[in-house]
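Below, each chain spelled out in residue letters.
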8 protein chains.
Amino acid sequence: MTDARCEDLGFAKLDLDRERRRGFGEVIFGAGKTEAQLLEIFRAFQKHGRAVLATRCTPQQAEHLRAHGLTDAVHDEVSRTITLRIGVSPDPIGRVAICTGGTADIAVAEEAARTAEFFGASVRRFYDVGIAGIHRLFANIEEIRQTNAIVAVAGMEGALAGVIAGLVDSPVIAVPTSVGYGASFQGVAPLLTMLNSCAEGIAVVNIDNGFGAGYLAAQINRKIEKIGAEKR
Amino acid sequence: MTDARCEDLGFAKLDLDRERRRGFGEVIFGAGKTEAQLLEIFRAFQKHGRAVLATRCTPQQAEHLRAHGLTDAVHDEVSRTITLRIGVSPDPIGRVAICTGGTADIAVAEEAARTAEFFGASVRRFYDVGIAGIHRLFANIEEIRQTNAIVAVAGMEGALAGVIAGLVDSPVIAVPTSVGYGASFQGVAPLLTMLNSCAEGIAVVNIDNGFGAGYLAAQINRKIEKIGAEKR
Amino acid sequence: MTDARCEDLGFAKLDLDRERRRGFGEVIFGAGKTEAQLLEIFRAFQKHGRAVLATRCTPQQAEHLRAHGLTDAVHDEVSRTITLRIGVSPDPIGRVAICTGGTADIAVAEEAARTAEFFGASVRRFYDVGIAGIHRLFANIEEIRQTNAIVAVAGMEGALAGVIAGLVDSPVIAVPTSVGYGASFQGVAPLLTMLNSCAEGIAVVNIDNGFGAGYLAAQINRKIEKIGAEKR
Amino acid sequence: MTDARCEDLGFAKLDLDRERRRGFGEVIFGAGKTEAQLLEIFRAFQKHGRAVLATRCTPQQAEHLRAHGLTDAVHDEVSRTITLRIGVSPDPIGRVAICTGGTADIAVAEEAARTAEFFGASVRRFYDVGIAGIHRLFANIEEIRQTNAIVAVAGMEGALAGVIAGLVDSPVIAVPTSVGYGASFQGVAPLLTMLNSCAEGIAVVNIDNGFGAGYLAAQINRKIEKIGAEKR
Amino acid sequence: MTDARCEDLGFAKLDLDRERRRGFGEVIFGAGKTEAQLLEIFRAFQKHGRAVLATRCTPQQAEHLRAHGLTDAVHDEVSRTITLRIGVSPDPIGRVAICTGGTADIAVAEEAARTAEFFGASVRRFYDVGIAGIHRLFANIEEIRQTNAIVAVAGMEGALAGVIAGLVDSPVIAVPTSVGYGASFQGVAPLLTMLNSCAEGIAVVNIDNGFGAGYLAAQINRKIEKIGAEKR
Amino acid sequence: MTDARCEDLGFAKLDLDRERRRGFGEVIFGAGKTEAQLLEIFRAFQKHGRAVLATRCTPQQAEHLRAHGLTDAVHDEVSRTITLRIGVSPDPIGRVAICTGGTADIAVAEEAARTAEFFGASVRRFYDVGIAGIHRLFANIEEIRQTNAIVAVAGMEGALAGVIAGLVDSPVIAVPTSVGYGASFQGVAPLLTMLNSCAEGIAVVNIDNGFGAGYLAAQINRKIEKIGAEKR
Amino acid sequence: MTDARCEDLGFAKLDLDRERRRGFGEVIFGAGKTEAQLLEIFRAFQKHGRAVLATRCTPQQAEHLRAHGLTDAVHDEVSRTITLRIGVSPDPIGRVAICTGGTADIAVAEEAARTAEFFGASVRRFYDVGIAGIHRLFANIEEIRQTNAIVAVAGMEGALAGVIAGLVDSPVIAVPTSVGYGASFQGVAPLLTMLNSCAEGIAVVNIDNGFGAGYLAAQINRKIEKIGAEKR
Amino acid sequence: MTDARCEDLGFAKLDLDRERRRGFGEVIFGAGKTEAQLLEIFRAFQKHGRAVLATRCTPQQAEHLRAHGLTDAVHDEVSRTITLRIGVSPDPIGRVAICTGGTADIAVAEEAARTAEFFGASVRRFYDVGIAGIHRLFANIEEIRQTNAIVAVAGMEGALAGVIAGLVDSPVIAVPTSVGYGASFQGVAPLLTMLNSCAEGIAVVNIDNGFGAGYLAAQINRKIEKIGAEKR
């Protein structure tokens, strides 16, 4: 297959057309890829002058990249992301809020935050504001309201998304996490909570899918800031 | 079987010992019983001078009882209960709060309320105080706090129980309801929410089990008001 | 409770503060409400000069409203909505696409469309463009791309949302439907498909939740058209 | 956020208001927290003069606390709790029974017992009294009856809670455990058993949630002993 | 197919060899068969001089049989069985106990009882001896022990089978029923309870499968009474 | 959309290109379509000179078609199909076997048979050959072996497909049916049985999906008979 | 508790009354017990002169017993059992068949076999006779028929039990195993297959519960051989 | 058992009759077999002059075979297969396409490819052509169409099979993989997607069952190429 829109590595066909088509470039899912495969992918993108974001990466994968010449690849342990930027990044735009119910949800929240930042959004974090002590949320709610999109990350019962959505006029992107035990069923409980919320304006993504939430938030944020602007 | 603790009707063995053993007498689950069976059971209890509470009853069952001489049997359509009282009921004691997330949860809430009242508790209702408009809950929270036990009835996402529990020092008995659709899975979603709540002090009962919640609330309420008093 | 932000009908506490807080007013979930309850709710909103949208309504409920003086209440049988508008509606703004995989998904899609229109969005419908004949989608894709938000409604395998998301730069709100049989498990199959999509930018709502999708689309659409504009 | 009711550590916002609001102070869920995070949390509570209970802690976490100056932190391996008491604890009050079906349920039962004791309850343990040899339960039932609240911990079929509840007049807090294999589905089987019990007066908590059961038992116990007393 | 072991009716191939091979003849599952099909099957068995048992039959099916000459076909409404006997039945042998947890389980229990009786067992019924009032079971336990096999029929929590098994030395055939609501999930809860029982000697059959339990009980009963005797 | 490959009816976009692309033309899923919609679809296909197969149709839908001029539309009640043929059908080719475990599976089997016949296959039926009387299968196995593809339709335990597959060299298309009760979970049990078969050469389709199995059988049958022939 | 029927070790209450009540003595579930606990239990039984069977034991547990003086404790690695016999065992009686579908099911089958042997049954093994090569079963079926009870152990699709039951007149005890992958869901697939079998006379036990099946087989075997004999 | 169709190794009964009966010889499932067992099996087949394919093998198993004289045994790490060929293999026939949605699905795809090749099919691989960049699929679709059977391997949402099936006239064998996280539930999500596909002509196999798909593809491929040819 010879196609300018695609680089065929055999084990992977890189989608070079995605940025034109979708606004944002391709992202690499690091889990399950060998260190050699990840390196080959990073080099291919670098060759084409594209910035890269890889998620669910191990320290070993990051180390392998840096040891083989990709010294600019930045690994963040908490979010498990590797980013390789090309040139100077533009100033972040708009505003996205990332909230968590508890401390254990922070890894997923950071994946969302890093993704949104990679795609150009300005991000503000509000961690451990779950409903067991709801005054912690109310103390921050005005600041949370002043954003284009809100990511609510919560495990266990996952009620955070619904409570926030009932108080704001921005879309709330709900991320259930696998934090919990027993009848949380690795995130099924908060997933169902979020899908059934009586508060409107909640968009749900897969369990632990911080990346997907960050992408969606950045997409909406950009639409409001950029595309909305262009229209006028 | 000849046993003073039990009246054997063939299709049912009435537990006449329950009040001595458990504090409250036996309750009849009306669903699936024929009108004739229910009548026979009511007559047996009446013969022994016991008040009766039957749950999940149809108007037809109630009509059949009244048409066959049980004119004092009171049927409440919303809660689907039939009660037959013997003599003058004592004054209600203590205080139990019954809250619902929405209007559609009221049938289950009334089953809880009627049950708690049948077993002697004073009940206060707070309906439609769900989290989509959380100021409706906060407007009532002080009154809700002034109770020995709180029943929180909610379908869909079921977050009400956790939010209340985070604000009070009384046990919250959480009743998931089958209100909802799609991924509520006939009440599984709020059941899981309630089991996974990060707020402590939540006791969960079966989906739509208003009776069980009312019983538990009355039991705790009586322990606090009566048994607690006796100890001193 | 005396609170200007809430009208207490006993069985319901109407949230009069919602428009201020959330941008859009309260919506009524018609299912499970008696005709009398729905009438009382409509009259209360009318008294406060608020437009009303009710979803999951029966023809009987609609007829009851009209028979009791709410002659302006408009019932749409396909979407099962009742709308009561106050005064002249403003011109619709922006653009939202509503797509379905098949014919049987149209009822849910219309709930989304009517909701988005109620909240001010201009809506364009693309029905029966599922993947079994993917040229039907490609024939419309350019028009679908020219929108602020896309609602993708699909039952059975639910692959439509992912295929669309891979081709556009707007957020795709995915609505799984209970259309199907056997291992679709009343919509669980497309729900899982949508949650696991490898294409980014997909926001999932509950099974058959056309209302939620329409709300979210209208919310994003308004943010882009209005709020985005205000910022500049 | 500057708020006397909350200490903001960035990764966690400690709820200093909880004791006032809920009767008992905040408890730390140790699982998933780094040793450094747990240490910081303990120090913050110590600074505010608050006793702390942490659950699901590892020996490593306990060792880290002690190695960094928290020499009074007591780690219990069976229950996996760490407690830090401030000053002299008051005498335990009332009486709570903790029962298990088998030997393998003891770890969860001890979490319940330690929690109830931390919150001031006098606890009596009845271990391995499951229904396979029901005379072991009957030999202890009179003593079990003489308590304000009963915690029944059982895995596999989980029938213990129902059998006890049928014999006593105190609330039974049922804790399903993940003990078992095959169709116990990590505790789902006893969870369902307990939710469906035909004996009334059963309050269910999450699978393996000994902490939640102990909290609830202590809460009810205190209400009966203290609050009940105050009322008169 | 011409085969003495099989009568081919096109829509069904009657297994005429089963009695030789399995000890008991073929049984007809009435549900889903048209009245005409059932009639044709009964006539074919009658032609071959075989007694027939059909389960899950409607009154309409029974009426159709009798209206078309099968006047000896006996329909029992509670158990929904139709039996057609050929000649004089032999005296029942051995002893099988059939127990239920509650009144609503009787329909399934009667299917078991009628089946066991059809296959020659002497049956003794013990209904409504569930664990909520466990003295009702203990009052009958000696009589239950004096049997070759015990069928325990229970819905909701389904603990009856385990409690009985812990007290006897005969095999207990456990039949979960779909009696219950909410988290009983149409019989899944008692099914899991029975599969996970800590008491040994429990054989589980499908939900509501009274027939299968009665068959198994009759099979074991006959082995003990007849085959066991022959061996000596 | 003006596209020769598609007829746009608004509520449906008929795929006129399917036969060229896929070998067989489009098929209509009758369930959930109004009588008027079905009529419009049949007329459109008739206008284009295409034969039509519709599945899951009601007698009312069939009657409506015939009453509005489509007198050649043939409705089969057992399989719930409607077929409209154009001109003389070619002789059936090859050989497909359709087997059922029991009588209640025949409706699904007939949907498969009618579909395979509509698409040109010669079909041979083997009904009620389930494993409870396995000699019924062995009596027919040689004839079953002499086919290009075998459809095995079975509910309850669904073991038929595996037993057949272990005896033949043709692909076995396994169709689980919702026939059964209790733990068959509307066809989940046989679906899992078929997916997990230790015999190789089993292709599984959705529960009750007789159409899909018939289609696949006809497709394989035609490939062997026609396409295979063309290659030489 | 001082009770001759029970030895109270604190962490366990040994049921010394079980043999009188149930025919067979108590069995120890080794999983989850510490080496010290197991040793203490073995010593207690030895002190009372009782033979012991422990299941799900590790080599380490066995080694610990032997290293602390229980040199007669016999550990079998395949079945993971430890047995300690007291005096000379009586001759095995009757006949039990243990069959497996495949090689991987042998561990569970051996647990059944060892248990049945411990409780006095004569056992005959038939391994790897699954339905993928059904002639392997037919070559052994006559020998399998000559038994009082048959244990059928199978994973994956689990069809073995039904095929055997259709060919014999003895009860078949079906043991689903967790052997398999994907949609076998750790044994759920064969469990459902066995519960839904159309062949009568199947008794199902928990997934991987070889012990339970062996116990049940020994119990039925003994009833036929001994109790049946006594009656005459 | 002495039977020319079976070699009895005690722990396994090798099916020597399978090639005659089924067209292809027996295949060994390596998982769960000891190295010694696998060696014994390979030697037995070698003794009978049969080629062997073993799946799900570890490098240790392969090493053990080679170390004990089976030096011709070929281990492929990606597909985890071991093959032992006897003599010269015939030229591959026909054409089978193996496609994957992503890179992580390749291990399963290679199991399918190696199996199809072992059974004589010519295989063409198309990896990483999932729907997130659907132009990658379209660039290869003509080549994919020129095959007798297509294996579509996909995890996460699993939409690949349906999209391909909508474009070709060959049967598509769909293999869901356990690739993914959260709500993919170890492959349940793509399994359901594939079972519910609206595109006809899809045959589904178990999660991660590359072997089954390769077998089925080879079987259909051979039928078309060989058996089809013989018929003429």
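For the structure given in this document, a descriptive report is provided here. (Residues numbered from 1 in each chain as written. Chains lettered and ligands numbered in written order. Predicted model: local features only at pLDDT ≥ 70, side-chain atom pairs only at ≥ 80, totals over all residues. Heavy atoms only, no water.)

A few words now on the overall build of chain A. Counting its secondary structure elements, chain A contains nine helices and 11 strands. Dimensions of chain A, computed from C-alpha atoms along their principal axes, come out at roughly 55 × 50 × 30 Å. A buried classification covers 69% of the 232 residues belonging to chain A. Pairs at least 24 apart in sequence give 67% of the contacts found in chain A among residues at least 6 apart. With an accessible surface of roughly 7300 Å², chain A has 49% of that area assigned to carbon and sulfur atoms. Between the mean site of the 25 positive side-chain charges and the mean site of the 27 negative ones, chain A shows a separation of 5 Å. (Helix = DSSP H or I, 4+ residues; strand = E, 2+ residues; numbered from the N terminus. Buried < 20%, exposed > 50% of the residue type's maximum accessible area, 1.4 Å probe, protein only. Contact = heavy atoms within 4.5 Å. Areas by Shrake-Rupley, 256 points an atom, 1.4 Å probe, with all protein chains shown as cover. Lys, Arg positive; Asp, Glu negative; His and termini not counted. Charge placed at Lys NZ, Arg CZ, Asp CG, Glu CD.)

Across the interface, helix H8 (residues 188-195) of chain C lies against helix H8 (residues 188-195) of chain H with an axial gap of 8 Å and an inter-helix angle of 125°. Between H8 of chain C and H8 of chain H, the angle is such that the two are oblique. For the element pair H8 of chain C and H8 of chain H, the recorded crossing hand is left-handed. Within the contact between the two elements, H8 of chain C uses Val188, Ala189, Leu192 and Thr193 of chain C and H8 of chain H uses Val188, Ala189, Leu192 and Thr193 of chain H. The class makeup of the residues in the contact of H8 of chain C with H8 of chain H is six nonpolar, two polar and no charged. (Axes fitted to C-alpha atoms, helices over the stretch in contact; angles between N-to-C directions. Parallel < 35°, antiparallel > 145°, perpendicular 65-115°, else oblique. Left-handed = near helix turned anticlockwise from the far one by under 90°. Nonpolar A, V, L, I, M, F, W, Y, C, P; charged D, E, K, R; others polar.)

The two copies are related by a screw motion: chain A maps onto chain D through a turn of 90° and a shift of 0.0 Å along the axis, at an RMSD of 0.0 Å. One copy is carried onto the other by what is essentially a four-fold rotation axis. For chain A, the smallest separation between a C-alpha atom and the rotation axis is recorded for Phe185 of chain A, amounting to 7.4 Å. (Least-squares fit on C-alpha atoms with pLDDT ≥ 70 in both.)

Here chain A sits on chain C after a turn of 180° about the axis and a move of 0.0 Å along it, with an RMSD of 0.0 Å. Taken together, the rotation and translation describe the operation of a two-fold axis. When the interface residues of chain A are mapped onto chain C, 100% of them again lie at the interface, so the same face is used by both copies.

With that settled, the discussion passes to the sheet that holds strand E6 (residues 81-84) of chain D. All names here are of chain D. As summarised here, the arrangement of the four strands in space is E3-E4-E6-E5, forming an open sheet in which the pairing is mixed. At either margin of the open sheet sits one strand with a lone partner, and together these are strand E3 (28-29) and strand E5 (74-76). Here E3 runs beside strand E4 (residues 52-55); their pairing, made up of two bridges, is parallel. Bridging across to E4, Ile28 finds its partner in Ala54. (Pairing = 2+ DSSP bridges.)

Residues and elements named next belong to chain C. Taking 1.5 Å per residue, 13 residues should reach 18 Å; helix H2 (residues 35-47) reaches 18 Å between its end C-alpha atoms and fits that length. Buried residues of H2: Gln37, Leu38, Leu39, Ile41, Phe42, Ala44 and Phe45, and no others. Those residues of H2 that are buried are in contact with strand E1 (6-8), strand E2 (13-15), strand E3 (28-29), strand E4 (52-55), helix H3 (59-67) and strand E6 (81-84). One or two residues past the end of H2 sits Gly49, with phi positive at roughly 70°. (Expected span 1.5 Å × (residues − 1).)

To continue, consider the arrangement of the chains. Chain B makes no contact with chain G; the smallest distance between any of their C-alpha atoms is 21 Å. Separating chain E from chain H is a minimum C-alpha gap of 21 Å, and the two share no contact.

Right, let's talk about the pairing of strand E8 (residues 121-126) of chain F for a bit. All names here are of chain F. Sheet topology note: the strand E7 (residues 93-100)/E8 ladder contains five bridges and is parallel. Bridge pairing links Ile93 to Ala121 in E8. As a crossover connection, the stretch from E7 through helix H4 (residues 106-118) into E8 is right-handed. (Right-handed = clockwise from strand over helix to strand, strands pointing away.)

To continue, consider the side chain of Asp15 of chain D. By secondary structure assignment, the location of Asp15 of chain D is in strand E2 (residues 13-15). Among residues more than four places away in sequence, those in contact with Asp15 of chain D are Ala132, Gly133 and His135 of chain A together with Arg5, Arg21 and Glu26 of chain D.

Here we take up the packing of aromatic side chains. According to the stated counting rule, one finds 52 aromatic pairs over all chains in the structure shown. Pairing Phe24 of chain C with Tyr215 of chain C gives two aromatic rings, centres 5.2 Å apart and planes at 90°, and the pair type is edge-to-face. A residue pair is termed long-range when its members are at least 10 positions apart, and Phe24 of chain C in the loop between helix H1 (18-22) and E3 and Tyr215 of chain C in helix H9 (residues 210-231) qualify at 191 residues. Across this residue pair, the class does not change: Phe24 of chain C and Tyr215 of chain C are buried. Consider the rings of Phe138 of chain C and Phe138 of chain H, whose centres lie 5.4 Å apart with planes at 75°: the pair is edge-to-face. With Phe138 of chain C in helix H5 (residues 135-138) and Phe138 of chain H in helix H5 (residues 135-138), this pair bridges two chains. Aromatic ring contacts, followed pair by pair, group Phe24, Phe118, Phe119, Phe211 and Tyr215 of chain A into a single cluster. Arg222 of chain H extends its terminal NZ or CZ atom over the ring of Phe24 of chain H, reaching a point 4.2 Å from the ring centre. (Phe/Tyr/Trp six-rings, centres within 6.5 Å; stacked < 30°, edge-to-face > 60°. Lys NZ or Arg CZ within 6 Å of the ring centre and 35° of its normal.)

Looking now at the pattern of salt bridges. Residue and element names in this part refer to chain B. All told, the structure shown has 144 salt bridges over all chains when counted by the stated rule. Put simply, Glu63 and Arg66 hold a salt bridge, and the shortest N to O gap is 3.4 Å. Taken together, the positions of Glu63 and Arg66, both in helix H3 (residues 59-67) and three residues apart, correspond to about one turn of that helix. Residue classification places Arg66 among the partly exposed residues on the basis of a relative accessible area of 30%. (Salt bridge = Lys/Arg side-chain N within 4 Å of Asp/Glu carboxyl O.)

A few words now on the pairing of strand E4 (residues 52-55) of chain H. Residues and elements named next belong to chain H. Burial along E4 is two-sided: Val52 and Ala54 facing one way and Leu53 and Thr55 facing the other are all buried. Following the backbone out of strand E3 (residues 28-29), through helix H2 (residues 35-47) and into the adjacent parallel E4, one traces a crossover that is right-handed. Sheet topology places E4 next to strand E6 (residues 81-84); three bridges connect them, and they run antiparallel. Each residue of the ladder has a partner; that of Val52, found in E6, is Leu84.

So far we have only geometry, and geometry alone does not tell us how the molecule works.
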